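Architecture and fold: a report
One letter stands for each residue in the lines below.
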Amino acid sequence: MFWKRHKRSSSRHLLSSWGIRARFFWYRLEKTPLIVVLVLGAVATGFGLLLHSMSANSANRRSVMCLAMNVYFEARGEPEVGQYAVAEVTLNRVASRYYPDTICGVVYQKNWDPLRKRYVAAFSWTEFQSVREPHGKEWRRAWKIAEEVYYERREPKLAGVLNYHADRVEPSWSQGKKPTAEIGKHRFYK
């Protein structure tokens, strides 16, 4: 019993002694360098978070820009539901393992065509040497649709749909595909 009391008393003494030493150390410590280091650390952390936020916003804006350009050049004359469909197909491709994993990668993807002996773009407008700068009411609508689809503000209607073409053509790739919708002047396939 004596040993346990002595042990408890000894450990209290050690804790008390340690606490006294820690307080003594703290009061004797020159705090100016510590404060400077803490302030600089807080500023650096804030700056890092700001840069991270800006780069994330920049990446999001670039993705929305590529999506809006695709909607604009692929479907600007289509009804709004057709423009949403083009945007959804673009994002469905991003989600598919058979396509690039970024929106801009999908939009500007080119594959070798052995018959034509050249690289062919997935979206025909990207093959032109230059395109006119998007503008006007159609551009604002394409941008709005791209943002809504990108930020998932609208329920998708074409889950799993990866392909479409204008109804005035009948590409060979469409022969083995299952048609799922005809919207405006486009046919969509799974």
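Data block above holds the structure.
We now turn to the structure provided with this report. In this text, all values refer to a predicted model and were calculated from it rather than measured experimentally. (Residues numbered from 1 in each chain as written. Predicted model: local features only at pLDDT ≥ 70, side-chain atom pairs only at ≥ 80, totals over all residues. Heavy atoms only, no water.)

Considerations on the pattern of salt bridges
The criterion, for reference: For this document, the term salt bridge refers to a Lys or Arg side-chain nitrogen within 4 Å of an Asp or Glu carboxyl oxygen. Any residue under 20% of the maximum accessible area for its type is buried, any over 50% is exposed, and the rest in between are partly exposed; the area is computed with a 1.4 Å probe on protein chains only. The helix count covers DSSP runs of H or I at least four residues long, the strand count covers runs of E at least two residues long, and both are numbered beginning at the N terminus.
With the rule as written, the count across this model stands at 6 salt bridges. Notably, a salt bridge pairs R116 with D113, separated by 2.8 Å at the nearest N-O pair. Residue R116 is classed as partly exposed on the basis of its relative accessible area of 47%. Across the salt bridge formed by R187 and E170, the nearest N and O atoms sit 3.2 Å from each other. Here E170 lies in the loop between β3 (163-166) and β4 (179-183) and R187 lies in strand β5 (residues 186-189), a separation of 17 residues in the sequence. Residue E170 is classed as exposed on the basis of its relative accessible area of 51%.

With respect to the pairing of strand β1 (residues 110-113)
Put simply, the rule reads: Two strands are counted as paired when DSSP detects at least two bridges linking them.
Relative to strand β2 (residues 118-121), β1 runs antiparallel, the two being bridged by 4 bridges. Bridged to D113 within β2 is R118. Hairpin connection between β1 and β2: a loop of 4 residues separates the two successive antiparallel strands, and K117 in this loop has a positive phi of roughly 55°.

A closer look at the packing of aromatic side chains
Convention followed: Aromatic pairs are defined between Phe, Tyr and Trp rings, using the six-membered ring for Trp, whenever the two ring centres lie within 6.5 Å; interplanar angles under 30 degrees are classed as stacked, those over 60 as edge-to-face, and all others as tilted. Counted as over-ring charges are cases with an Arg CZ or a Lys NZ within 6 Å of the ring centre that also lie within 35 degrees of the ring normal.
Counted by the stated rule, this structure contains 10 aromatic pairs. Seen from their ring centres, Y72 and W139 are 5.7 Å apart, and the 85° between their planes marks the pair as edge-to-face. Pair noted here: Y72 is in helix α2 (residues 32-75) and W139 is in helix α5 (residues 136-150), with a separation of 67 residues, a long-range link. Looking at Y72, the relative accessible area reads 5%, which means it is buried. On the basis of an interplanar angle of 35° and a centroid distance of 5.3 Å, the ring pair of Y164 and F188 is categorised as tilted. Of this pair, Y164 sits in strand β3 while F188 sits in strand β5; the two residues are 24 residues apart in sequence, bridging distant segments of the chain. Like Y164, the residue F188 is buried in the burial classification. Put simply, the rings of Y72, F73, Y108, W125, W139 and W143 pair up and form one aromatic cluster. The aromatic ring of Y72 is capped on one face by R76, whose charged end is 4.6 Å from the ring centroid.

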